[in-house]
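# Architecture and fold: a report
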Amino acid sequence: MKKTILTVICFVMAALSITASAAGLDTNKQKVLDALTSSFTVDGKVVSLPSDVLTQAENYLKRDDVTITKNQADLIVTEVEDAISIVKDSGVASIAALDARDKSAILENIQNAAEVIDLTVSVDSAKSVITLLDDKGNPVASDEGVIKVTGPDSSALAVIAGAGLALIAGCFVAARKMRLFSK
Amino acid sequence: MRLFYFIKKRAMVYLYLPLLFCIIGYVILYSAFASIVMPMVSSLNLIISENQPNHASRVASIFEQKDTDDLNAETVEEKTVQMPVYGTHYARLEIPSYSIKTDLYFGDSSAVLKKGVGQYLGSSIPGYGKPLLISGHNNGAFGGLQFVKDNDIVVITTNYGIYKYKVTGTKIADHNDKSAYNLSQDKEQLILYTCYPFNTLGLTSKRYFVYGEKVSGPRIVSNPAAA
């Protein structure tokens, strides 16, 4: 009896240590990552998520504050598989080549999967950028451009200088109209 | 009486308008040079202040300066490594040859880049054997990248290890040129970049890339016994 209880305790301890691992991936997180990394072939071309998007997902899943239950992992995997079948059925080799209906169906899959783990999806239609945000509004993943702007942004200075010049010109015109410069 | 009349009539020309222009001038100068003046004022306050400054509420940081041999170990267990949240200061980046020292943040939004240099979310943190893509402003810490030469050492200090990378080359490329970086390689390549040319005001389409290969630093392993 004692031996059985000890075995059960050891098993529970081992299970807890797996789910509480800090930067690592437990079984459920690994299941989600495996689903995202899966690839398939269309017309001889391998279709998969870009490596930087997968790294973003991996970095998020490795966070200490992110926990995923088996049920949540299964729901996310179902959504990922749905999205994959949409791309497969369309017969195109890239998401960009999908028609509008398929794109919105995949966006719905992304939103459903995100909702499972309390992430929100922000879509910037003008820039065609999709960003996943955590409950504090921090970006978790985004398909925004990789290379960012790293020079001094002088647009604010230009606006201020323009406004200043316009103001000075206005003052000058007003002064002329009021004949303030005449003797 | 005549003097009073003169002052009243000419007040706009000799008093109000010069005053208005003066105020407008000061506002424009302040707006233009606030970014340069404010750090100087802050530094001065730091010198003359009697109280110890507390920046904890303003900057999310998990980085703690440690000085132990553990940081130079061959491996580090994955469960001891804390994955940073977006916008978190998690490491320090230094290029000793040029006295470049800056905070390294996880994430590379414009807000993050105002504070230090930022790592692209789609690249890995040091130790995973995968590429790191780090950006910084050319009028900030990464202005010094223009002097970096082959074989210079870049040091990234984290809470779990000190990583050294040897510079292997530099390249000028368009910001849309995907051949300038390879994030899918299974190699811990350090890629630093900033806007090019270095002395240009305003936005440019070119970027200056500096590449480095890992020389030392602990590998992150899930099972140290197996490693």
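Reading guide: rules and limits
- Residues numbered from 1 in each chain as written.
- Chains lettered and ligands numbered in written order.
- Predicted model: local features only at pLDDT ≥ 70, side-chain atom pairs only at ≥ 80, totals over all residues.
- Heavy atoms only, no water.
- pLDDT = per-residue confidence, 0-100.
- Contact = heavy atoms within 4.5 Å.
- Axes fitted to C-alpha atoms, helices over the stretch in contact; angles between N-to-C directions.
- Helix = DSSP H or I, 4+ residues; strand = E, 2+ residues; numbered from the N terminus.
- Parallel < 35°, antiparallel > 145°, perpendicular 65-115°, else oblique.
- Nonpolar A, V, L, I, M, F, W, Y, C, P; charged D, E, K, R; others polar.
- Pairing = 2+ DSSP bridges.
- Buried area = accessible area lost by both parts, 1.4 Å probe.
- Salt bridge = Lys/Arg side-chain N within 4 Å of Asp/Glu carboxyl O.
- Polar contact = N/O pair within 3.5 Å; in protein donor to acceptor, adjacent residues only side chain to side chain.
- Buried < 20%, exposed > 50% of the residue type's maximum accessible area, 1.4 Å probe, protein only.

For chain A, the mean per-residue pLDDT works out to 83, and 83% of the residues sit at or above 70. Long-range and interchain partners of residues 10-21 of chain A, a stretch whose pLDDT sits below 50, account for three contacts in this model, where long-range means more than four residues apart.

This part covers the packing of helix H2 (residues 27-37) of chain A against helix H3 (residues 51-61) of chain A. Two quantities define a packed helix pair, namely the angle between the helix axes and the distance between the axes. All names here are of chain A. Running from amino to carboxyl end, H2 crosses H3 at an angle of 175°, the nearest separation of the two axes being 10 Å. The orientation of H2 relative to H3 falls into the category roughly antiparallel. On the side of H2, the interface is formed by Lys29, Val32, Leu33, Leu36 and Thr37, while H3 contributes Leu54, Ala57, Glu58 and Leu61. In terms of residue class, the contact of H2 with H3 is made up of six nonpolar, one polar and two charged.

Turning our attention to the confidence of the model for chain B. Detailed reading of the predicted coordinates is not advisable wherever pLDDT is low. All names here are of chain B. Looking at chain B as a whole, the pLDDT averages 87, with 88% of positions reaching at least 70. Averaged pLDDT values for the elements of chain B fall to 74 in helix H1 (residues 2-48) and rise to 98 in strand E5 (residues 132-135). Interface confidence in the predicted complex, given as ipTM, is 0.75; pTM for the same model is 0.77.

Our next topic: the sheet that holds strand E9 (residues 206-216) of chain B. Overall, mixed pairing links the eight strands, which are arranged E2-E3-E4-E5-E8-E9-E7-E6 (chain B) in a closed barrel. Taken over all neighbouring pairs, the strand axes of this sheet differ in orientation by 30° on average, direction set aside.

With 47 residues of chain B at the contact, the number on the chain A side is 38 residues. Both sides together, the interface formed by chain B and chain A hides about 3600 Å², and carbon and sulfur atoms give 66% of it. Among the residues chain B hides against chain A, the three largest losses belong to Met83, Tyr120 and Leu121 of chain B. Together they make up 15% of the total. Summed over the shared surface of chain B and chain A, the result is two salt bridges. Lys130 of chain B is the salt-bridge partner of Glu58 of chain A, the closest N and O atoms lying 3.4 Å from each other. Our enumeration of links across chain B and chain A arrives at eleven residue pairs in polar contact (both at pLDDT 80 or more).

All names here are of chain B. Of the strand pairs in this sheet, strand E6 (residues 153-157) and strand E7 (residues 162-174) are connected by five bridges, and their pairing is antiparallel. Counted as the bridge partner of Ile153 is Lys166 from E7. Count of turn residues in the E6/E7 antiparallel hairpin: four residues. Note: E7 against E9, ten bridges, orientation antiparallel. Of the residues in E9, the one forming a bridge with Tyr165 is Lys214.

Another point: unusual backbone geometry. Omega for the bond connecting Tyr196 of chain B with Pro197 of chain B falls within 30 degrees of zero, at 0°, which places this linkage in the cis form. Mapping Pro197 of chain B onto the fold places it in the loop between strand E8 (189-196) and E9. Within the chain, Asp118 of chain A stands out as a residue other than glycine whose phi angle is a positive 60°. Within the secondary structure layout, Asp118 of chain A lies in the loop between helix H5 (100-116) and strand E3 (120-124). Judged by relative accessible area, which is 58%, Asp118 of chain A ranks as exposed.

Turning next to the sheet that holds E3 of chain A. All names here are of chain A. Read from one edge to the other, the open sheet built from three strands follows the order E3-E4-E5, with strand pairing classed as antiparallel. Pairing within the sheet leaves two strands with one partner each, and these edge strands are E3 and strand E5 (139-142). Strand-to-strand twist across the sheet, computed as the mean angle between neighbouring axes with direction ignored, equals 25°. With five bridges connecting them, E3 and strand E4 (residues 129-133) associate as antiparallel partners. By the bridge assignment for E4, Ser122 is matched with Thr131. Across the sheet, H5 lies against E3 and E4, angled at about 145° from E3, the strand it touches most.

Next up on the list: the environment of Leu61 of chain A. All names here are of chain A. Mapped onto the elements of the fold, Leu61 is located in helix H3. The exposure class assigned to Leu61 is buried, which follows from its relative accessible area of 3%. The spatial distance from the C-alpha of Leu61 to the C-alpha of Val140 is 9.7 Å, given a sequence separation of 79 residues. Among all residues touching Leu61, those that are not within four sequence positions of it are Gly24, Leu25, Lys29, Val32, Leu33 and Ile68.

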